[in-house]
Amino acid sequence: MQFHRENRDRALRETRVVIAGIGGSGCNVMASLARRWPDGPELIGIHTDAAVLSSSHGIRPLQIGAELLNGMSTGGKPDMGRRAAERDRDEISRLFRGSDLVILVTGLGGGTGTGAAPVVAEAAEAAGSLVLCFVMLPFDFEGPHRQEQALQGLGALKGATDAVIQFPNQRVLAQADESLNVTDAFLMADRLVGDCVRSLWELFNRTSLIRLDFADFRSLLMHSEGACAMACVESEGPDRVKHAVAGLLAAPQFEAGAQLRRANALLVGVTGGPDLKLVELQNLLDEIREITHEQARILMGTAVDPDYQGRISLSVLLAEERPEPGPVETPPAETRRDTDRGREHKRVIPLQTTLDLDARGIGRFEDVSPTVHQGANLDVPTYVRRGIRLGR
Amino acid sequence: MPSSPIAAIEVGTSKVCVLVGDLLEDDQLMIVGQGVSPSRGVRKGQVTDLDNVTSCLNHALEQAEEQADVTVSEAYVVISGDHIQSMTNRGSVPVRSPGGLVAEEEVEDVGDLARAVALPTERAILHSIAQRYYLDDQHAVLRPEGMEAARLTLDMLIIHCLRNRIKNVVRTLKEVNVEVADIAFGGLMSGMAVLSPEQKQGGAIVIDLGGGTTDYLVYANMAIAAAGSLSVGGDHVTNDIALGLGLPHGQAEELKKNSGSAVVSPAAGSQTVALQPEGGFPGKNVRLSDIQTIINARMEETFELVRDSILRSGLRTEMVSGVILTGGGAHLEGAVQLASEIFNRECQIGRPRNVNGLAVVTEGPQYAAPLGMLQHAVRSRNRGRKSGILGALINLIKG
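Residues numbered from 1 in each chain as written. Chains lettered and ligands numbered in written order. Predicted model: local features only at pLDDT ≥ 70, side-chain atom pairs only at ≥ 80, totals over all residues. Heavy atoms only, no water.

## Examining the overall build of chain A
- Summing up its helical and strand segments, chain A has 15 helices and twelve strands in all.
- Looking at chain A as a whole, 52% of its 392 residues are labelled buried.
- The long-range share in chain A, meaning contacts at least 24 apart out of those at least 6 apart in sequence, stands at 76%.
- Accessible surface computed for chain A: about 18,000 Å², of which carbon and sulfur atoms make up 49%. (Helix = DSSP H or I, 4+ residues; strand = E, 2+ residues; numbered from the N terminus. Buried < 20%, exposed > 50% of the residue type's maximum accessible area, 1.4 Å probe, protein only. Contact = heavy atoms within 4.5 Å. Areas by Shrake-Rupley, 256 points an atom, 1.4 Å probe, with all protein chains shown as cover.)

## What about the side chain of His236 of chain B?
- Tracing the sequence through the fold places His236 of chain B in helix H6 (residues 234–245).
- Within the structure, the side chain of His236 of chain B is placed 2.7 Å from the side chain of Asp379 of chain A, a separation counted as a polar contact.
- Among all residues touching His236 of chain B, those that are not within four sequence positions of it are Phe365, Leu378 and Asp379 of chain A together with Lys44, Ser231 and Arg298 of chain B. (Polar contact = N/O pair within 3.5 Å; in protein donor to acceptor, adjacent residues only side chain to side chain.)

## As for the pattern of salt bridges
- Applying the stated criterion across every chain yields a total of 30 salt bridges over all chains.
- As a salt-bridge pair, Glu67 of chain A and Arg87 of chain A come within 3.5 Å of each other at their nearest N and O atoms. In this pair, Glu67 of chain A sits in helix H3 (residues 66–69) while Arg87 of chain A sits in helix H4 (residues 78–87), placing the two residues 20 residues apart along the sequence.
- A salt bridge links Asp240 of chain B to Arg298 of chain B; the nearest nitrogen and oxygen atoms lie 2.7 Å apart. Within this pair, whereas Asp240 of chain B is found in helix H6, its partner Arg298 of chain B is found in helix H8 (residues 288–312), the two being separated by 58 residues in sequence.
- Among the charged side chains, a network of salt bridges with common partners joins Glu125 and Asp162 of chain A together with Lys167 and Arg171 of chain B. (Salt bridge = Lys/Arg side-chain N within 4 Å of Asp/Glu carboxyl O.)

## Focus on the environment of Phe204 of chain A
Residue and element names in this part refer to chain A.
- Its place among the elements puts Phe204 in helix H9 (residues 182–205).
- Residues Phe204 and Gly301, spaced 97 residues apart in sequence, show a C-alpha to C-alpha distance of 8.5 Å.
- Here Phe204 is in contact with Thr15, Val17, Leu101, Leu212, Phe214 and Phe217, once residues within four sequence places are set aside.

## Focus on the pairing of strand E18 (residues 346–349) of chain B
Residue and element names in this part refer to chain B.
- When strand E17 (residues 322–326) meets E18, the two strands line up parallel, connected through four bridges. Each bridged residue has a counterpart across the sheet, and for Ile324 the counterpart in E18 is Gln348.
- Once you follow E17 into helix H9 (residues 335–343) and on to E18, the crossover reads as right-handed. (Pairing = 2+ DSSP bridges. Right-handed = clockwise from strand over helix to strand, strands pointing away.)

## Focus: helix H5 (residues 89–96) of chain A
Residues and elements named next belong to chain A.
- Within the span of H5, buried status applies to Arg89, Ile92, Ser93, Leu95 and Phe96. The arc enclosing the buried residues of H5, seen along the axis, measures out at 150°, which places them on a common side.
- Gly98 sits one or two positions beyond H5 and adopts a positive phi of about 80°. (Arc of directions from axis to C-beta.)

## As for the packing of helix H1 (residues 23–36) of chain A against H9 of chain A
Residue and element names in this part refer to chain A.
- In contact at an axis separation of 9 Å, H1 and H9 are set at 65° when each is read in the N-to-C sense. Compared by their axis directions, H1 and H9 come out roughly perpendicular. Handedness of the H1/H9 crossing: right-handed. On H9, the residues that touch Asn28, Val29, Ser32, Leu33 and Arg36 of H1 are Asp190, Arg191, Val193, Gly194, Asp195, Val197 and Arg198.
- Across the contact of H1 with H9, the residue classes break down as four nonpolar, three polar and five charged. (Axes fitted to C-alpha atoms, helices over the stretch in contact; angles between N-to-C directions. Parallel < 35°, antiparallel > 145°, perpendicular 65-115°, else oblique. Left-handed = near helix turned anticlockwise from the far one by under 90°. Nonpolar A, V, L, I, M, F, W, Y, C, P; charged D, E, K, R; others polar.)

## Overview of the nonpolar core
Residues and elements named next belong to chain B.
- By size, the foremost hydrophobic cluster in this structure holds 67 residues, and its most contacted members are Ile9, Ile159 and Leu188.
- No fewer than three residues from each of domain 1 (85–160) and domain 2 (196–351) sit in this core.
- Residues contacting Ile159, with those up to four places away along its chain left out, are Ile84, Gln85, Ser86, Ala124, Ile125, Leu126, His127, Ile129, Phe185, Leu188 and Ala227.
- Formed by 52 residues, the second largest nonpolar core is a distinct cluster that contains Leu245, Ala262, Ala330 and Leu338. (Core = buried A, V, L, I, M, F, W, Y, C linked by side-chain atoms within 4.5 Å. Domains from an automatic or database assignment.)

## Some points on the sheet that holds E18 of chain B
Residues and elements named next belong to chain B.
- As summarised here, the arrangement of the five strands in space is E14-E13-E12-E17-E18, forming an open sheet in which the pairing is mixed. Both outer strands of the open sheet, strand E14 (223–230) and E18, are each paired with one neighbouring strand and no more. Averaged over all pairs of adjacent strands, the angle between strand axes in this sheet comes to 15°, irrespective of strand direction.
- The strands touched by helix H4 (residues 186–194) within the sheet are strand E12 (204–209), strand E13 (214–220), E14 and E17, with E13 carrying the most contacts at an inclination of about 55°.

## Digging into the sheet that holds strand E2 (residues 15–23) of chain B
Residues and elements named next belong to chain B.
- Spatially, E11-E6-E1-E2-E3-E19 is the arrangement adopted by the six strands of the open sheet, whose pairing is mixed. Two strands in the sheet have a free side with no partner beyond their single neighbour: strand E11 (179–185) and strand E19 (355–357). Put simply, the sheet's adjacent strands are angled 35° from each other on average, direction ignored.
- Here helix H1 (residues 50–68) sits on the sheet in contact with strand E1 (6–11), E2 and strand E3 (29–38), set at roughly 150° to E3.

## Brief notes about the interface of chain A and chain B
- Contacts between the two partners involve 52 residues from chain A and, on the opposite side, 49 residues from chain B.
- With both chains or domains summed, chain A and chain B bury close to 4,200 Å², and 48% of this area falls on carbon and sulfur atoms.
- In this assembly, chain A and chain B are joined by eight salt bridges.
- Between Glu125 of chain A and Arg171 of chain B there is a salt bridge, with the nearest N and O atoms lying 3.5 Å from each other.
- At the boundary of chain A with chain B, the tally comes to 18 residue pairs in polar contact (both at pLDDT 80 or more).
- Breaking the side of chain A that touches chain B down by element, the ones donating at least two residues are H5, helix H6 (112–126), strand E5 (130–137), helix H10 (214–222) and helix H15 (382–385) of chain A. (Buried area = accessible area lost by both parts, 1.4 Å probe.)

## Describing the side chain of Thr302 of chain B
- On the secondary structure map, Thr302 of chain B appears in helix H8.
- One polar contact links the side chain of Thr302 of chain B to the main-chain carbonyl oxygen of Arg298 of chain B, over a distance of 2.8 Å.

## Points about the pairing of strand E6 (residues 163–168) of chain A
Residue and element names in this part refer to chain A.
- Across the six residues of E6, five count as buried, placing the element largely inside the fold.
- Relative to E6, E5 runs parallel, the two sharing six bridges. In the strand pairing of E6, Cys133 is matched with Val164.
- Taking the sense of rotation as the criterion, the β-α-β connection linking E5, helix H7 (residues 144–160) and E6 turns out right-handed.

## Regarding the confidence of the model for chain B
Residue and element names in this part refer to chain B.
- Here chain B shows a mean pLDDT of 88. Residues at 70 or above account for 94%.
- Throughout residues 385–389 the model reports pLDDT below 50, and contacts reaching past four residues in sequence, or to other chains, amount to 15 contacts.
- Here residues 391–399 is a poorly scored stretch, pLDDT under 50, and it has 32 contacts once near neighbours within four places are set aside; other chains count. (pLDDT = per-residue confidence, 0-100.)

This is the structure we're talking about:
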């Protein structure tokens with residue numbers, strides 16, 4: 001591998017994004033996205049079913065488990081999906097070589113998505129990429145069996161990805177027109193997910209007013225509980241910011257704004273045309289701050305795409321941040337004397353005044369998780385814990 | 001086979017080190033390039049600030065590449081930290097081959113069984129190392145092929161670690177466009193670099209005193225008996241001095257290096273050390289006995305923790321004839337004396353063996369881990385296969 005020295009620094013080169021759909025739903029989302037995004041990046045479809053792959057236009061197909069299934073579907077069996085992916089692991093790994101961010105899309109409940117997606121995600125992680133998976137959970141009418149399989153698949157995926165972004169299809173349906181038929185319901189779900197994928201890609205690949213820092217994005221996801229939700233809305237006209245925020249509050253993915261209010265971390269992405277103004281971004285951010293709670297961390301990125309002249313697309317990814325591991329309770333110097341009753345009791349003297357500079361007494365280890373051994377915080381100087389007196 | 005140099009990297013708490021080396025015909029490792037940069041952004045062996053680490057890595061890579069006149073695009077990496085633990089697992093298979101002689105297939109089968117440990121999902125096997133085979137649960141042998149038995153049993157040392165940490169290593173290296181060829185435990189690699197055949201024969205404990213971590217390896221009964229790591233290291237010694245004497249970190253580090261000792265000497269008496277004013281630091285006189293007392297407490301505790309950890313894994317210090325110190329902390333005055341008191345064994349500083357080339361690297365115990373890694377990587381490549389120790393993780397990394 002050859003490269004120029006300047007490219008050593010990741011920040012100086014483009015973020016390389018790979019997008020792939022897995023299984024029937026994943027391929028449908030890719031095909032629907034390809035139709036609406038003719039000049040977009042390469043979209044990959046991974047499936048066992050050769051017929052579905054050949055009818056999904058505009059995507060790069062990767063058939064898996066050909067030996068095992070002869071190009072047929074898995075018949076809804078996740079185990080077959082997993083085996084199919086494992087057999088073609090090398091091919092799958094090749095897709096992700098050199099990537100920084102891998103965006104996967106799949107539907108859980110069936111065979112290929114449920115079984116193969118965790119294997120695909122593992123291969124992507126092994127390439128050192130940040131891995132995000134958009135997951136569509138079954139509609140209620142698909143039956144309890146698929147629901148159950150979906151939940152199992154979800155568990156496996158969470159272990160193999162940095163973030164799983166859930167789209168419970170039923171929730172999407174709940175807000176839709178009652179006259180919506182089954183086909184339309186699926187199409188609508190595909191579109192919702194596809195829009196989110198596209199907006200993420202654009203944040204990393206379009207010129208922008210505010211560049212989304214990949215390292216920040218990664219840290220947001222890596223500190224998240226892995227429970228994420230995302231919604232994407234579009235609006236136009238002079239009041240487009242207000243409308244976009246209203247749309248966000250109505251988005252079924254966010255439980256009518258409830259999730260927005262309790263999220264700990266948010267990625268706010270805005271795609272607009274060359275007419276996008278900084279003051280609009282400021283207003284937008286202010287409005288979102290109004291909704292979210294005070295401590296919520298907000299990360300913003302923008303993309304400018306000439307297609308968006310006169311309108312904006314607002315996408316928000318929510319993450320519930322994992323609380324940092326709490327500091328181990330180190331008794332303050334004064335009380336230590338009372339609690340440390342033991343054979344060395346008499347040797348204990350008031351601690352040096354210099355320790356007051358650092359209430360926890362651990363100096364440079366404040367920012368890292370403590371080294372705890374049998375209840376003792378080893379970051380605290382040994383002579384302090386052992387009550388050894390200096391200056392004699 | 002035309003050989004090309006191989007790179008080993010250690011992203012440590014005190015330094016980031018890149019070594020480029022190749023194997024000479026007489027099995028000697030030749031170091032042709034080295035890059036060392038003081039480490040920023042690593043605490044207790046764990047990356048806490050990726051940007052800082054990236055710039056240190058770039059710096060070290062550039063030095064090593066220039067010296068060796070190569071481009072490093074792939075490297076072997078050593079890791080450390082108290083998430084690394086070891087256990088022994090036993091596997092057993094009946095011998096079915098004709099004549100009751102153990103065949104290669106059965107050796108493979110028993111290896112697979114002994115390797116099959118149930119770890120929590122967040123953990124992964126870093127190394128699986130065959131310790132010894134038993135024929136009919138009685139006779140211990142190192143190579144069972146062709147021997148007669150009804151049952152073949154194997155004790156396997158499993159060194160396991162947090163899966164996340166591996167991923168983070170791969171990601172960190174990716175930031176500087178270096179692919180990870182394999183990952184190994186630093187304590188294991190430094191042990192293998194410094195142990196002489198005689199020391200292996202007699203049994204030894206190798207303790208790698210690093211900046212953020214203290215790694216250990218126990219070699220007993222001609223096998224690697226245990227290994228582990230504590231997230232306590234030289235950084236803690238410096239921090240203790242800084243807090244205890246009210247000094248900035250930099251001054252405390254200098255004081256440790258120039259006047260520090262792991263044992264308290266009666267001669268220190270009321271001697272003082274004068275620290276010169278520098279930058280915003282106004283200068284200060286500190287008592288030598290205080291410095292020694294602080295360091296002694298920390299080092300004594302560290303050695304005791306290693307000893308207790310070894311005892312807990314069911315081994316006894318009587319099983320080894322000596323203790324070998326390596327890593328940057330081995331330079332600390334009095335460390336050898338203190339270790340020999342606590343382990344009640346002969347103690348000495350271990351230096352990497354069978355290495356030639358750039359002098360700074362080959363003489364210092366502080367490079368034992370990356371040197372050991374390099375030796376293993378080069379040897380296993382030249383033999384055209386993964387050695388027994390490396391390669392366990394390669395599948396996890398490569399997918």
